[in-house]
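Listed below are the residues making up each chain.
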Amino acid sequence: MAKAAQKTGIVQAERHPALAGRNASAAHVALTALDPAERISLRAPEASLAALSKALGLTLPKKPKTSASKGGRLALWLGPDEWLVIDEAGGDPLADCAKVKQLHSAVGISHRNVAIGVTGPGAEATLSAGCPQDLSLAGFPVGACSRTIFGKVEIVLHRTAEDAFRVECWRSFSDYVFTFLSEAARDAAA
Amino acid sequence: MLLIRCPYCEEERPELEFRNAGEAHIARPTDIAAISDDDFEKFFFIRQNPKGIIYERWRHVHGCARFFNAVRDTVSDKFVMTYKAGEPKPSKLPGVSK
Ligand SMILES: [Zn+2]
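Note that the structure is a prediction, hence the values are computed from the model and not measured.

Time to look at the overall build of chain B. Looking only at helices and strands, one finds 1 helix and 6 strands in chain B. When its helices and strands are written in sequence order, chain B yields β-β-β-α-β-β-β. Over its C-alpha atoms, taken along the principal directions, chain B stretches across nearly 45 × 30 × 20 Å. Scored against the burial criterion, the 98 residues of chain B give a buried share of 35%. With an accessible surface of roughly 6,400 Å², chain B has 50% of that area assigned to carbon and sulfur atoms.

Written as structure tokens, this is what we have:
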């Protein structure tokens with residue numbers, strides 16, 4: 001979108017990310033509103049995956065709860081024919097998919113989602129305050145990802161390191177999620 | 001909390017991620033405009049509601065979002081087994097003696 005504005009010379013309205021500047025830290029956890037990123041919701045049948053993987057520059061994972069990442073781009077398995085692709089390196093995954101002739105649906109959702117980083121030795125305990133899944137390293141290893149719930153809302157959770165998670169939620173829910181996480185972080189032991 | 005095995009996620013997941021979607025294996029009439037009101041009532045409204053083993057549709061709505069089928073005991077609330085949508089009704093159930 002930024003690129004389109006440069007090309008046409010049209011000045012766009014100033015955007016204010018939903019959680020701009022929100023940060024919180026507790027004894028064992030730090031919460032960070034992550035930078036805006038390009039995101040697409042990708043739906044595709046098995047037969048289209050090779051072409052889409054080639055266009056996106058990473059291999060779309062086929063195993064439940066797994067992810068793939070390469071060069072600042074991330075593909076999260078959400079369902080048997082559904083992925084969330086996130087690009088934090090300034091790429092345009094929507095444009096990459098548009099070149100693919102095989103059947104697929106790619107919808108830009110960059111501004112629908114907001115991402116929150118939860119890091120530190122108490123990160124797992126903080127998320128377990130609202131997420132009913134088994135988030136132990138055995139049950140939810142580094143690289144694991146899942147659509148799930150946190151408190152009253154749906155999130156997509158991705159474990160980026162042993163003590164670091166990325167929480168993706170809809171922007172209108174982000175205030176609730178951030179506040180819930182802040183409360184949980186205060187109670188989280190290492 | 002109940003743990004429900006999603007046949008698409010291939011693991012047990014917390015019940016909060018799921019939603020019940022009514023009785024399973026109800027075939028939609030091929031020519032729905034041609035059937036009588038009585039037959040439509042049977043298809044659309046009449047359900048078994050058994051005491052004991054029931055075959056249901058469930059949806060992993062806050063997970064992979066897929067519909068699947070589950071066999072559940074309405075007395076104990078225990079899930080006997082789950083299987084993918086479109087698969088036939090299992091003839092043998094694990095751990096059930098009737
Ligand atoms: Zn599932």
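Taken together, the contact pairs 15 residues of chain B with 15 residues of chain A. Interface of chain B and chain A: buried area, both sides summed, is about 1,100 Å²; carbon and sulfur atoms make up 54% of it. Summed over the shared surface of chain B and chain A, the number is 2 salt bridges. Ionic pairing is found between B:Glu11 and A:Lys65, a salt bridge with its closest N-O pair at 3.0 Å. At the junction of chain B with chain A, the criterion picks out 9 residue pairs in polar contact (both at pLDDT 80 or more).

Let's shift gears to the state of the cysteines. Counted by the stated rule, this structure contains 0 disulfides over all chains. Cysteine A:Cys131 remains unbridged, with the sulfur of A:Cys145 as its closest cysteine sulfur at 13 Å.

Strand pairs in the sheet, formed through backbone hydrogen bonds, run parallel or antiparallel to each other. Residue and element names in this part refer to chain A. Ordered by their spatial adjacency, 6 strands build an open sheet running 1-2-8-11-10-9, and the pairing between neighbours is antiparallel. Among the strands making up the open sheet, the edge pair consists of strand 1 (23–25) and strand 9 (145–150). Averaged over neighbouring strand pairs, the angle between their axes works out to 25° when direction is ignored. Both strand 2 (residues 30–33) and strand 8 (residues 113–119) contribute to a ladder of 4 bridges, which runs antiparallel. Following the sheet pairing, Leu 31 is matched in strand 8 by Val 118. With respect to the sheet, helix 5 (residues 174–187) is in contact with strand 1, strand 2, strand 8, strand 9, strand 10 (153–161) and strand 11 (164–170), its orientation differing from that of strand 8 by roughly 10°.

Residues and elements named next belong to chain A. For helix 2 (residues 49–56), every residue scored as buried is listed here: Leu 49, Leu 52, Ser 53 and Leu 56. Viewed along the axis of helix 2, the buried residues span an arc of 100°, placing them on a single side of the element. Turned more than 90 degrees from where helix 2 packs its buried face, Ala 50 and Lys 54 sit exposed. Gly 57 occupies a position one or two residues after helix 2 and carries a positive phi of about 80°.

This part covers the coordination of the zinc ion. All names here are of chain B. The protein atoms that coordinate the zinc ion are Cys 6 (SG), Cys 9 (SG), His 60 (ND1) and Cys 64 (SG), at distances spanning 2.0 to 2.4 Å. Relative to the metal, the 4 donor atoms surrounding the zinc ion lie at angles of 105 to 116°, and the coordination shape comes out tetrahedral. In primary sequence terms, the donor set of the zinc ion follows C-x2-C-x50-H-x3-C. For His 60, a relative accessible area of 0% translates into the label buried.

Time to look at the domain arrangement of chain A. Put simply, an interface is often sized by how much accessible area is lost when its parts join up. Residues and elements named next belong to chain A. Assigned domains within chain A: domain 1 (19–36 + 112–190) and domain 2 (37–109). Between the C-alpha centres of domain 1 and domain 2 there is a distance of 23 Å. In this assembly, 18 residues from domain 1 lie in contact with 14 residues from domain 2. Seen at the junction of domain 1 and domain 2, the total is 3 salt bridges. The salt bridge involving Glu 168 is made with Arg 39; its shortest N-O contact spans 2.7 Å. Put simply, domain 1 and domain 2 have 11 residue pairs in polar contact (both at pLDDT 80 or more) between them. Of all the elements in the fold, those that place two or more residues in the side of domain 1 that touches domain 2 are strand 8, strand 9, strand 10 and strand 11. A per-class count over the side of domain 1 that touches domain 2 returns 7 nonpolar, 6 polar and 5 charged.

Rules used throughout
Residues numbered from 1 in each chain as written. Chains lettered and ligands numbered in written order. Predicted model: local features only at pLDDT ≥ 70, side-chain atom pairs only at ≥ 80, totals over all residues. Heavy atoms only, no water. Helix = DSSP H or I, 4+ residues; strand = E, 2+ residues; numbered from the N terminus. Buried < 20%, exposed > 50% of the residue type's maximum accessible area, 1.4 Å probe, protein only. Areas by Shrake-Rupley, 256 points an atom, 1.4 Å probe, with all protein chains shown as cover. Contact = heavy atoms within 4.5 Å. Buried area = accessible area lost by both parts, 1.4 Å probe. Salt bridge = Lys/Arg side-chain N within 4 Å of Asp/Glu carboxyl O. Polar contact = N/O pair within 3.5 Å; in protein donor to acceptor, adjacent residues only side chain to side chain. Disulfide = S-S within 2.5 Å. Pairing = 2+ DSSP bridges. Axes fitted to C-alpha atoms, helices over the stretch in contact; angles between N-to-C directions. Arc of directions from axis to C-beta. Donors = N, O, S within 2.8 Å, 3.2 Å for Na, K, Ca; no water. Tetrahedral: all angles 85-135°; square planar, octahedral: opposite > 155°, others 65-115°. Domains from an automatic or database assignment. Nonpolar A, V, L, I, M, F, W, Y, C, P; charged D, E, K, R; others polar.

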